[in-house]
Amino acid sequence: MRHNDAVLVTAATGRQGGATARALLAEGRTKVRVLVRNPEAANAKALAAAGAEVVVGDLDDPASLRAACAGTRAVFSMQSPIASATGIDFSKERQQGRNLVEAALAEGVETFVHTATSGVGDHRQVEGWAEGRWKAHEEYWENKLATCDRVRAAGFKHWTLILPATFMDHPMLDSAGFVDGRRLLTVVRTDLPMGLIAPEDIGKAAAAAINDPARFNGVTLQLAGDLLTLPQIAEVLSRIDGKEYVVQSATVEEAVAAGLHPGVAQGMTYMNVAPVLARPEIARAHGLSPMSFEAWARRRRETP
């Protein structure tokens, strides 16, 4: 392989970046370089053992990004707000996206694949947005949109935006956290279909866009592997676990009393008015075969 056959994967110790790096390594069509802050972290060591080149850098450090992008043909990009015990810091995400785009452009990277969240770009049309109902979540969505718009306009030869639906491993869907071991207590409408995606399928979609950039060029991919209501999800989990789970609607106050973080509880009510944009047929139309929720849940329970 030539030096410029390498692909840089950022956020490589996280779910989406890690899934992308593993998918690329499994396919074996390209050298994989992963950007990490701590090369001694367990996830970084595992990627190195799997054959990735580990480079140290930080999305806040443009010089380290230039060095990491040097000689690569493609970059996988993902940024997120920083969660800590004191809250969530949104202040760095937008600049980090700018830093990575500019570093990739400066080093002549041809293909840029970026992931955000399903609904980005359509959020301003959500019921109540113009009236300020979702003011507390505005920074989250606007930061995501700013980086997506930057990628679209940057001038890369090939670019792809992947907008994943709700992760199948979302804590809300984990039966281990159900109230009394059986009740899925939710502020989300029980008649509302939810787009769902396995994190590893985000990695496979990103790898597909990286390895076949012309086919995915200019695509904004609303990515889901399944579309289910919460009662349907409970039915799937009941069938797999041999245990009857039920879904119980709750107010924000009731959900908080049951242990859900107030900000999380309030934020999840956004799902009740947001359009469902990510659907399995969209992924299939692009030649992808993401897992159903049942297939993912069975596989997860079978994995030690």
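Residues numbered from 1 in each chain as written. Predicted model: local features only at pLDDT ≥ 70, side-chain atom pairs only at ≥ 80, totals over all residues. Heavy atoms only, no water.

## Focus on the nonpolar core
Phase 1 of the analysis: Formed by 32 residues in total, the largest nonpolar core has its most connected members in Val9, Val34, Leu223 and Leu288.
Phase 2 of the analysis: Ranked by residue count, the leading element in this core is helix H6 (residues 199–211), at 7 residues.
Phase 3 of the analysis: When near neighbours in sequence (up to four residues on either side) are disregarded, leucine 288 contacts Ala205, Ala208, Phe216, Leu221, Leu223 and Ala283.
Phase 4 of the analysis: Of all hydrophobic cores here, the second largest spans 29 residues; its members include Leu100, Phe112, Trp141 and Leu163. (Core = buried A, V, L, I, M, F, W, Y, C linked by side-chain atoms within 4.5 Å. Buried < 20%, exposed > 50% of the residue type's maximum accessible area, 1.4 Å probe, protein only. Helix = DSSP H or I, 4+ residues; strand = E, 2+ residues; numbered from the N terminus. Contact = heavy atoms within 4.5 Å.)

## With respect to the sheet that holds strand E13 (residues 226–228)
Phase 1 of the analysis: If you walk across this open sheet you meet the 3 strands as E9-E11-E13, and the pairing is mixed. The outermost strands of the open sheet, each flanked by one partner alone, are strand E9 (166–167) and E13.
Phase 2 of the analysis: Judged from the 2 bridges that link them, E9 and strand E11 (residues 194–197) form a sheet pairing that is parallel. If you follow threonine 166 over to E11, its bridge partner there is leucine 196. (Pairing = 2+ DSSP bridges.)

## Focus: the pattern of salt bridges
Phase 1 of the analysis: Evaluation of the coordinates by the stated rule reveals 17 salt bridges.
Phase 2 of the analysis: The partner of lysine 45 in a salt bridge is glutamate 40, with the nearest N and O atoms 3.2 Å apart.
Phase 3 of the analysis: The exposure class assigned to lysine 45 is partly exposed, which follows from its relative accessible area of 45%.
Phase 4 of the analysis: When the shortest N-O distance is used, the salt bridge between arginine 152 and aspartate 149 registers 3.2 Å. Here arginine 152 pairs with aspartate 149, and both are found in helix H5 (residues 138–153), just 3 residues apart, close to one helical turn.
Phase 5 of the analysis: In this structure arginine 152 comes out as partly exposed when scored by relative accessible area, which is 32%.
Phase 6 of the analysis: Aspartate 149 sits in the partly exposed class, given a relative accessible area of 38%.
Phase 7 of the analysis: Overlapping salt bridges bring together Arg239, Glu294 and Arg298 as one network. (Salt bridge = Lys/Arg side-chain N within 4 Å of Asp/Glu carboxyl O.)

## Considering the environment of alanine 116
Phase 1 of the analysis: Mapped onto the elements, alanine 116 comes out in the loop between strand E7 (111–115) and H5.
Phase 2 of the analysis: The spatial distance from the C-alpha of alanine 116 to the C-alpha of alanine 146 is 11 Å, given a sequence separation of 30 residues.
Phase 3 of the analysis: Excluding residues within four positions of it along the chain, alanine 116 makes contact with Lys144, Cys148, Ile162, Leu163 and Pro164.

## As for unusual backbone geometry
If a residue is not glycine, its phi is most likely negative; likewise, a peptide bond is most likely trans.
Phase 1 of the analysis: One non-glycine residue with positive phi stands out, namely alanine 11, at about 55°.
Phase 2 of the analysis: Mapped onto the elements, alanine 11 comes out in the loop between strand E1 (6–9) and helix H1 (15–27).
Phase 3 of the analysis: We note that aspartate 180 has phi near 60°; this positive angle belongs to a residue other than glycine.
Phase 4 of the analysis: Accessibility expressed as a relative area gives 62% for aspartate 180, which makes it exposed.

Read these as geometric descriptors, not functional statements.
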